Amino acid sequence: MDDREFFTKLASLDRGIADRWKRATGGRLSARVGEKAVEAIVIPVLLTKKVTASQAQALAMVFHTEGLNTEARIFMVTAIIAAYDNDIFFAGSAKPLITRDDLQPIDAALGMANVGKIHFTSPGTGMTYAPDLYNAIRGLIYAGKIRVFEADAALLLTRLGNYRGDLNRIVLYKGAAPAARAEMIVHEVTHAIQDWRNLDSTVKFIEADAYIAGAVAALGANPDYSFLEYKAEQTAAKELILDGSAARMDRAWTEAYANLVKRIEATPTYRATSNLKFGGADKKGRADKATLFKDALAYFKADNIFAAAVDDFYQMGSDASKYVKRLLALGGK
Ligand SMILES: [Zn+2]
């Protein structure tokens, strides 16, 4: 792409970003761009608190130009992380996934072929994970107690998804390959399980558990799956789980787990947060979640009854079913 094509493409996505890029670079892709210059390009759109899919794509184009120096690149990474954390991409493009068709990626990711082999007790959090817990979260999603949205952040920093316990919300970001999306859904649903089970722990341990569950699912569905973040450590943990060794006090398992935690602690994404506490102080909210999760766990026991069970659940005239009906009406489908 030459200078002029780059500008035209950028302008078709967002005129403001394009004009500011031109001012900062003289319209030349070869121009060096420092921190101040990239700040001038990026900040005005972030201040709107709402970045649309096209604007995200425009930011991605700027981010991937060769001219950015190290400081400019670091500034952009920091700004993009802040935009994710403050729901700025979410505000610009999120749409709720409500119907069974919408939720097909969730069904695919949480089917038995993926989560059926998740059986382990975490040396970090002390939690025991099993397929039924994933089914229960899937049930809560269908009941509207956990809401799922899709948003488009142009795959910036390759963030694929996120779960927020304060909002009971899963966001799937567009653009992930189906297998990577499935791994991410299992990862985020693992966080949902931790939240609805009122786990008190530390970020590095809740992440290690989620990365392990994601790997068991992804490698179970496809042994050649190649998108693992911590390939060696996740694969080692998965093998021990399949051997039935992933129990409390097992030496090899505890070591494999510790190795993964070490890798997570060393990752830039987690360096600042790995030792932060996980788990809220909201007593009432926690008690409500515990009760509902127990109900869902009893209700959505096995995968093969899942289709029927969801429909029955809706027929029960629960708040959940009213909620879904209301959302369906709003969504026009
Ligand atoms: Zn995570």
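Residues numbered from 1 in each chain as written. Predicted model: local features only at pLDDT ≥ 70, side-chain atom pairs only at ≥ 80, totals over all residues. Heavy atoms only, no water.

**Here we look at the overall build of the protein**
Defined as follows: Runs of H or I in DSSP of at least four residues are treated as helices and runs of E of at least two as strands, each being numbered from the N terminus. To get the radius of gyration, use the C-alpha atoms; to get the globule rule, take the number of residues to the power 0.38 and multiply by 2.2 Å. When accessible area is computed with a 1.4 Å probe and restricted to protein chains, residues below 20% of their type maximum are described as buried, those above 50% as exposed, and intermediate ones as partly exposed. Whether two residues are in contact is decided by their heavy atoms: any pair within 4.5 Å suffices. Here the accessible surface of atoms and residues is derived via Shrake-Rupley with a 1.4 Å probe, and residues count as covered only by protein chains that are part of the display. As used throughout, the charge tally considers Lys and Arg to be positive and Asp and Glu to be negative, leaving His and the chain termini uncounted. The atoms used to mark charge sites are NZ of Lys, CZ of Arg, CG of Asp and CD of Glu.
What the protein contains, in helices and strands, is 17 helices and 8 strands. Here the C-alpha atoms of the protein give a radius of gyration of 22 Å, agreeing with the 20 Å that 2.2 N^0.38 yields for 333 residues. In the protein, buried positions account for 50% of the 333 residues. A separation threshold of at least 6 residues defines the contact pool for the protein, and within that pool the share at least 24 residues apart is 68%. Approximately 15900 Å² of the protein is accessible, and the part contributed by carbon and sulfur atoms is 55%. The average position of the 43 basic charges and that of the 39 acidic charges among the side chains of the protein differ by 4 Å.

**Things to note about the domain arrangement of the protein**
Rules: In this document the domain limits rely on a domain assignment from an automatic tool or a database. Here the quantity called buried area is the accessible surface, traced with a 1.4 Å probe, that two parts lose on coming together, added over both.
Structurally, the protein comprises domain 1 (3–91) and domain 2 (94–284). A separation of 31 Å is found between the C-alpha centroids of domain 1 and domain 2. On the domain 2 side, the residues contacting the 14 residues of domain 1 number 15 residues. Here domain 1 packs against domain 2, burying approximately 1300 Å² in sum over the two surfaces, 66% of which is carbon and sulfur.

**Digging into the sheet that holds strand 1 (residues 95–97)**
This is how the line gets drawn: When DSSP finds two or more bridges between a pair of strands, those strands are recorded as paired. Axis angles are defined between N-to-C directions and span 0 to 180 degrees, where every axis is a line fitted to C-alpha atoms and, for a helix, only to the segment in contact.
Overall, mixed pairing links the 4 strands, which are arranged 1-4-6-5 in an open sheet. The sheet terminates laterally at strand 1 and strand 5 (161–164), the two strands that pair on one side only. Strand after strand, the sheet turns through a mean of 25° between neighbouring axes, direction not considered.

**Description of the nonpolar core**
Selection rule: We call a set of buried Ala, Val, Leu, Ile, Met, Phe, Trp, Tyr and Cys residues a nonpolar core when their side-chain atoms join them within 4.5 Å.
Within the largest apolar cluster, 63 residues are counted, with the highest numbers of intra-cluster contacts made by Ile118, Phe120, Tyr134, Ile137, Ile146 and Ile212. Non-local contacts of Ile137, meaning those with residues more than four positions away in its chain, are made with Ile146, Val189, Ala192, Ile193, Trp196 and Phe293. If you look at the next biggest cluster of nonpolar residues, it comprises 39 residues, including Val42, Ala56, Phe63 and Val171.

**Here's the deal with helix 10 (residues 178–196)**
Selection rule: Take the number of residues in a helix, subtract one, and multiply by 1.5 Å to get its expected span.
Here helix 10 spans 26 Å end to end across 19 residues, near enough to the 27 Å set by a 1.5 Å rise per residue. Of all 19 residues in helix 10, 17 are buried, a share of seventy percent or more. Directly beyond the C-terminal end of helix 10, a positive phi value near 55° is found at Asn198.

**Focus: the pairing of strand 5**
Regular strands have side chains that alternate between both faces of the sheet. What you see with strand 5 is a clean split: Gly161 and Tyr163 sit on the buried side and Asn162 and Arg164 on the side with no burial. Where strand 5 and strand 6 (residues 169–173) come together, 4 bridges link them in antiparallel fashion. Along strand 6, the bridge assignment pairs Gly161 with Leu172. Taking the residues that link successive antiparallel strands as the turn, the strand 5-strand 6 hairpin has 4 residues, and the phi of Asn168 there is positive, at about 50°.

**Here we look at the packing of aromatic side chains**
Put simply, the rule reads: Two aromatic rings, drawn from Phe, Tyr or Trp (for Trp, its six-membered ring), form a pair once their centres lie within 6.5 Å of each other, and the interplanar angle then sorts them: stacked below 30 degrees, edge-to-face above 60, tilted otherwise. Note on geometry: a ring has a charge over it if NZ (lysine) or CZ (arginine) is within 6 Å of the ring centre and within 35 degrees of the ring normal.
A complete count under the given rule lists 11 aromatic pairs for this structure. Ring geometry for Phe6 against Trp21: centres 4.8 Å apart, planes inclined by 50°, an arrangement best described as tilted. Separated by 15 residues along the polypeptide, Phe6 in helix 1 (residues 3–13) and Trp21 in helix 2 (residues 15–25) bring together distant segments of the chain. Of the two residues, Phe6 and Trp21, neither departs from the other in class, the shared state being buried. When the ring of Tyr211 is compared with that of Tyr230, the centres are 5.0 Å apart and the planes differ by 85°; the resulting orientation is edge-to-face. With Tyr211 in helix 11 (residues 203–221) and Tyr230 in the loop between helix 11 and helix 12 (231–242), this pair connects stretches of sequence that are 19 residues apart. Among the residues examined, Tyr211 registers a relative accessible area of 8% and is labelled buried. Over the aromatic face of Phe7 sits the side chain of Lys22, whose NZ or CZ is 4.2 Å from the ring centroid.

**Structural notes on the coordination of the zinc ion**
Applied cut-off: In this listing, donors mean N, O and S atoms no farther than 2.8 Å from the metal, or 3.2 Å for Na, K and Ca; water is missing from the atoms, so a site can look incomplete. Under the classification used here, a metal with four donors is tetrahedral if each angle lies between 85 and 135 degrees, square planar if opposite donors are over 155 degrees apart and the others between 65 and 115, a six-donor metal meeting that same test is octahedral, and anything else is irregular.
Coordination of the zinc ion by the protein involves His187 (NE2), His191 (NE2), Glu207 (OE) and Glu207 (OE), with metal-donor separations of 2.1 to 2.6 Å. Around the zinc ion sit 4 donor atoms, and with donor-metal-donor angles ranging over 54 to 148° the site reads as irregular. In the primary sequence, the donor residues of the zinc ion line up as H-x3-H-x15-E. You can see His191 sitting in helix 10 and its partner Glu207 sitting in helix 11, a full 16 residues away along the chain. Accessibility expressed as a relative area gives 7% for His191, which makes it buried. Judged by its relative accessible area of 9%, Glu207 falls in the buried class.

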